Amino acid sequence: MSIATTYRTCPRSGLQFEAGAEKLIIANAVAAVVFLLIGGLLALGVALTRWPAVHWLQPDTFYQVLTAHGIDMLIFWIIFFEIAVLYFCSSTLLRCRLATPRIAWLAFALMLVGAIVNNYAVYKGGSSVMMTSYVPMMAEPSFYLGLILFAVGALVGCFVFFGTLVVAKRDKTYEGSVPLVTFGAITAAIIAVFTIASGAIILVPTWLLSLGVIDKVDPLIYRMIWWAFGHSSQQINVAAHVSIWYLVAAVVFGAKPMSERVSRGAFLLYILFLQLASAHHLLADPGLSTNWKVVNTSYFMYFAVLASMIHGLTVPGAMEVAQRQKGYTRGLYEWLRRAPWGNPTFSGVFIAIIGFGFLGGISGVMMGTEQLNMIIHNTIYVPGHFHATVVVGTTLTFMALTYYLIPTLFRREMINPGLARMQPYLFGFSMYFFCLVMMGAGTLGVSRRHWDMAFSGMPMAYEWPGAAYLMMGLVGISAVAAIAGGAIYIYVTVGSLLWGKRIDGGAASLSSKPTPLMAPAAVAQGYGSQGFAAPGTFLLAMVFLVAFILYYFVNWKYLSTVWGLS
Amino acid sequence: MSAILPPAERLWWKHPLDRVEGTWIVIAFVWCMILVFMMVFWHLYGRQNLSTETYATTADAFRTRAEAWAEKYTVRVDDTTGQPVVAPPEGGDAYIIARLWSFWPTLELEKGKTYRLHLSSLDYNHGFSLQPVNINIQVVPGYEHVVTVTPNQSGTYSIVCNEFCGIGHHTMVGRLYVK
Ligand code: HEM
Ligand SMILES: [Cu+2]
Ligand SMILES: [Cu+2]
């Protein structure tokens, strides 16, 4: 069966875009960038207030701005972009039309309306409850309603993605199994369904509570189910950005996965072992048994950690193998030295991989350890950790992908490639530093979500050590640098869309049938098993392991010095 | 460009793996098992494990009990804070009420002695962040969390609220003495 539509094949990348899918990918990506822009402006308010010497905003504005920053970034920017990625990984990579484009537009509209309703509720005041909105603190009903509408839209988007897989299968637009990148996107979408269901289970009653229809939502149950939503959504991000890492390795280096079995198996671990990860947000809570905490702590027996450690090896490993085949075989690291460091798609992804692993991964496992959690819970260490995962890991990866999509999807020449070239370095490295100093301040105990660490005017004021003030000052400075990096990204992408030279993106096909794709011959694709194919990556992984072990045990040492607790 | 193309062989779970991958998977797996082991080990041999003793309670019940207890063991009124300073006996109960936006009362404990510290909130979630030791515990309304504590150093400590609890959140700070 074919439906009236057209396809074009991009002459640069060889990717085939279906007209309907293309418009939806563009719409979702543009909406995402708009929320990134808003979230970035809010970040300026947050950071300049937490910088003690500046202490810019008034407390009510600060809490309001922080609420909006968390939601606009973590939910709206990331999920709009992920929906675009899902459509790309299904329709474009499988070379088929998007299932039910009308419903996909409905999903987009629901998400957009939801995001606007929620933002409006926050800016109006009366909903400065932080993104977590722990009951019994209540926001306005429209705050929850906006989130619910957005979630329903995102869920519909996931089903459009699943529908598209069915279309591709039925129309036989590919042979054999789906590509690895699509496989990763499928894991992300499956996790998303679970995530959004958890979100609905807790946000719908809370919305009813805010309307006075029901009279109680238990605060502890709320925390547990909210985090089943809040944490799993981070797992969507990980599955999505790891998929993009493989994609970028493929398009920049022509890299093949070292072994499909390993990479796909690792994606499956994400699905199997993440759902109880909400546990590690509740380690300092009353009412949960030790067994429950130990068993569920940190991604259910660390199998999801294992999965990320595997991807952390196989992605750069695939790049190394590809580079070695091109002849960059001298020493352990010629392949890396000769990588295209001037291509922001590559440099962004590489900086994301290293930062995600070394900063986000190690700190996350430390925090997620039952007892160690007590020395960081709700300190500014926590945002330090997750800016390393969700900003350095996910956001920077999405930025890198955008640079690749500007000519192929948006059919524009990039304006100011010089600025784009330095953007991942500025944004990535200032974010590295920002995360490190937040973690440093958190190790000294400084609270997150706190307007005034000086407790001015309070008789019982606590005097933080000077080092804590120093760290928070450095947080402010590095934040400003990172925000400048974010601004460059927005300038280059939006500027390219508006003023970039149009380029030939391939003519629309006359027939409404896609050109199918044949699986490459086995020889052309060739898998792993070459002995010890990626020694440089292996050494890098060992360095990572040593850093991990040292940092982990240093924290046990620190814990052993605090008061006895039992 | 095979990560974006279908795999050459349909049965991807039969593809061979490279030795780099195999070795790393084994190492990473062993490390993950050590991570699990450490938590259990610390329960058996470590001295810092968060108690799980919890009771359902209500704001009124908790406040009534805490106030009666405070009356019994109050030793003086603190001149800087104006709060009663309460010194419970060794091994006894100690209460802290978290509410918008204070911790009440001021405790006076003794170094090396053990107390059963009861924590609850009368309204929203709050954070019990003991500084400068940096012990952080979530305080959830409706739940009374009994934590056994043994101070190991004397001095003046602060309790900072580190869970966002409304517009006065940053003014919520309490005090605790260890003799
Ligand atoms: C240049 C960029 C950014 C800067 C300078 C920045 C700065 C900050 C700071 C200082 C905080 C902590 C405030 C506090 O707890 O007192 C914060 C919180 C947060 N940020 Fe960012 N951020 C940036 C980008 C992002 C991005 C891209 C995301 C998500 C993708 C994000 C997600 C969050 C979230 C979820 C919170 C927690 C809000 C809460 O506690 O409810 N941020 N940000
Ligand atoms: Cu509080
Ligand atoms: Cu508070």
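S.K.: What's the story with the overall build of chain A in this structure? I'm lost.
M.R.: Tallying secondary structure elements over chain A gives 15 helices and 3 strands in all. Taken against the 2.2 N^0.38 rule, which gives 24 Å for 566 residues, the C-alpha radius of gyration of chain A at 23 Å falls within 12% of a compact globule. Burial statistics for chain A: of 566 residues in total, 63% are counted as buried. Taking the intrachain contacts of chain A between residues at least 6 apart in sequence as the baseline, contacts between residues at least 24 apart amount to 83%. Element-wise, carbon and sulfur atoms account for 72% of the exposed surface of chain A, whose accessible area totals about 18,800 Å².

S.K.: Please explain the coordination of the copper ion (ligand 3) as it appears in this structure.
M.R.: Any two of four tetrahedral donors ideally make an angle of 109.5 degrees at the metal, while pairs among six octahedral donors ideally make 90 or 180 degrees. All names here are of chain B. At this site the copper ion (ligand 3) is bound by Cys161 (SG), Glu163 (O), Cys165 (SG) and His169 (ND1), with donor distances of 2.0 to 2.4 Å. Here the copper ion (ligand 3) is ringed by 4 donor atoms whose angles at the metal span 90 to 124 degrees, and the overall shape comes out tetrahedral. Along the chain, the residues that donate to the copper ion (ligand 3) are spaced as C-x1-E-x1-C-x3-H. Between the two metal centres, the copper ion (ligand 3) and the copper ion (ligand 2), the spacing is 2.6 Å, with Cys161 acting as a shared donor.

S.K.: Is there a simple way to think about the packing of aromatic side chains in this case?
M.R.: Remark: the centre distance and the inter-plane angle together describe each pair of aromatic rings, the angle taken between the planes. Within this structure, the stated rule accounts for 47 aromatic pairs over all chains. Seen from their ring centres, Phe80(A) and Phe150(A) are 5.5 Å apart, and the 80 degrees between their planes marks the pair as edge-to-face. Placement of Phe80(A) in helix α2 (residues 59-92) and of Phe150(A) in helix α4 (residues 141-170) is noted, with a sequence separation of 70 residues between them. Ring centres of Trp105(A) and Phe108(A) lie 5.8 Å apart, and the angle between their planes is 90 degrees; this geometry places the pair in the edge-to-face category. Linking Trp105(A) with Phe108(A), this pair stays in helix α3 (residues 101-124), spanning 3 residues, or about one helical turn. An aromatic cluster is present here, built from Phe358(A), Phe544(A), Phe548(A), Tyr552(A), Phe553(A), Trp556(A), Trp31(B) and Trp42(B) joined pairwise through their rings. Of note, Arg223(A) hangs over the ring of Tyr134(A), and the distance from its end group to the ring centre comes to 4.6 Å. A cation over an aromatic ring shows up here: Arg76(B) above the ring of Tyr177(B), its NZ or CZ 5.9 Å from the ring centre.

S.K.: What's the story with unusual backbone geometry in this structure? I'm lost.
M.R.: Leave glycine aside and you will find that most residues have negative phi; peptide bonds, for their part, are mostly trans. For the bond running from Val135(A) to Pro136(A), omega is 5 degrees, close enough to zero to count as cis. Positionally, Pro136(A) belongs in the loop between α3 and α4. Along the chain, Gln131(B) connects to Pro132(B) via a cis peptide bond; the corresponding omega equals 0 degrees. Summarising the element assignment, Pro132(B) is placed in the loop between β8 (126-131) and β9 (135-139). In this model, Arg95(A) sits at a positive phi of 55 degrees, which is unusual for a non-glycine residue. Assignment of secondary structure puts Arg95(A) in the loop between α2 and α3. In this model, Phe455(A) sits at a positive phi of 50 degrees, which is unusual for a non-glycine residue.

S.K.: Help me out: how do you make sense of the environment of Ser121(B) in this one?
M.R.: Residue and element names in this part refer to chain B. Inspection of the secondary structure puts Ser121 in strand β7 (residues 115-121). Looking at Ser121, the relative accessible area reads 2%, which means it is buried. Separated by 48 residues in sequence, Ser121 and His169 place their C-alpha atoms 14 Å apart. In this view, Ser121 contacts Ala98, His126, Val139, Val140, Pro141 and Gly142; residues no more than four positions away in its chain are not counted. A distance of 3.0 Å separates a polar side-chain atom of Ser121 from the backbone nitrogen of Asp123. At 2.4 Å, the side chain of Ser121 and the backbone oxygen of Tyr124 are in polar contact.

S.K.: Quick question: what am I supposed to make of the site of ligand 1 here?
M.R.: Residue and element names in this part refer to chain A. Around ligand 1, the structure places 26 residues, and the nearest of them are Arg50, His69, His387, Arg448 and Arg449. Taking Arg449, its side chain carries an N or O atom lying 2.7 Å from an oxygen atom of ligand 1. When residues of the shell around ligand 1 are traced back to their parent elements, those giving at least two are α1 (19-50), α2, α11 (381-408), α12 (417-443) and α13 (466-499). By residue number, the principal contributor to the shell around ligand 1 is α2, which donates 8 residues. Each residue belonging to the shell around ligand 1 can be placed in one class, and the counts come to 18 nonpolar, 5 polar and 3 charged.

S.K.: Could you clarify how one ought to interpret the confidence of the model for chain B in this entry?
M.R.: Within chain B, residue pLDDT values average 93, and 99% of them lie at 70 or more. If you check the scores for this complex, the pTM reads 0.96 and the ipTM reads 0.95.

S.K.: Help me understand the nonpolar core, please; the structure alone is not making it clear to me.
M.R.: Within soluble globular proteins, side chains that are nonpolar generally end up buried alongside one another. Counting residues in hydrophobic clusters, the biggest one holds 253 residues, and the most contacted among them are Trp77(A), Met319(A) and Trp563(A). In terms of residues, this core owes the most to one element, α2(A), which gives 22 residues. Excluding its chain neighbours within four sequence positions, the residues that come into contact with Trp563(A) are Gln48(B), Leu109(B), Leu130(B), Val133(B), Ile135(B), Val149(B), Thr150(B), Pro151(B), Asn152(B), Tyr157(B), Leu176(B) and Val178(B).

S.K.: Help me understand α4(A), please; the structure alone is not making it clear to me.
M.R.: Side chains of residues three or four places apart in an α-helix project in the same direction, reflecting 3.6 residues per turn. Between its first and last C-alpha, α4(A) extends 43 Å over 30 residues, near the 44 Å set by a 1.5 Å rise per residue. Immediately downstream of α4(A), the backbone of Lys172(A) shows phi near 50 degrees, a positive value.

S.K.: Looking at this structure, how should I read the coordination of the copper ion (ligand 2)?
M.R.: Residues and elements named next belong to chain B. The protein atoms donating to the copper ion (ligand 2) are His126 (ND1), Cys161 (SG), Cys165 (SG) and Met172 (SD), with metal-donor distances spanning 1.9 to 2.5 Å. Its 4 donor atoms give the copper ion (ligand 2) angles of 97 to 130 degrees at the centre, a pattern that matches the tetrahedral case. Coordination of the copper ion (ligand 2) draws on donor residues from a single chain, spaced H-x34-C-x3-C-x6-M in sequence. For Met172, a relative accessible area of 0% corresponds to the buried category.

Cut-off values and rules
Residues numbered from 1 in each chain as written. Chains lettered and ligands numbered in written order. Predicted model: local features only at pLDDT ≥ 70, side-chain atom pairs only at ≥ 80, totals over all residues. Heavy atoms only, no water. Helix = DSSP H or I, 4+ residues; strand = E, 2+ residues; numbered from the N terminus. Rg over C-alpha atoms; globule rule 2.2 N^0.38 Å. Buried < 20%, exposed > 50% of the residue type's maximum accessible area, 1.4 Å probe, protein only. Contact = heavy atoms within 4.5 Å. Areas by Shrake-Rupley, 256 points an atom, 1.4 Å probe, with all protein chains shown as cover. Donors = N, O, S within 2.8 Å, 3.2 Å for Na, K, Ca; no water. Tetrahedral: all angles 85-135°; square planar, octahedral: opposite > 155°, others 65-115°. Phe/Tyr/Trp six-rings, centres within 6.5 Å; stacked < 30°, edge-to-face > 60°. Lys NZ or Arg CZ within 6 Å of the ring centre and 35° of its normal. Polar contact = N/O pair within 3.5 Å; in protein donor to acceptor, adjacent residues only side chain to side chain. Near = heavy atom within 4 Å. Nonpolar A, V, L, I, M, F, W, Y, C, P; charged D, E, K, R; others polar. pLDDT = per-residue confidence, 0-100. Core = buried A, V, L, I, M, F, W, Y, C linked by side-chain atoms within 4.5 Å. Expected span 1.5 Å × (residues − 1).

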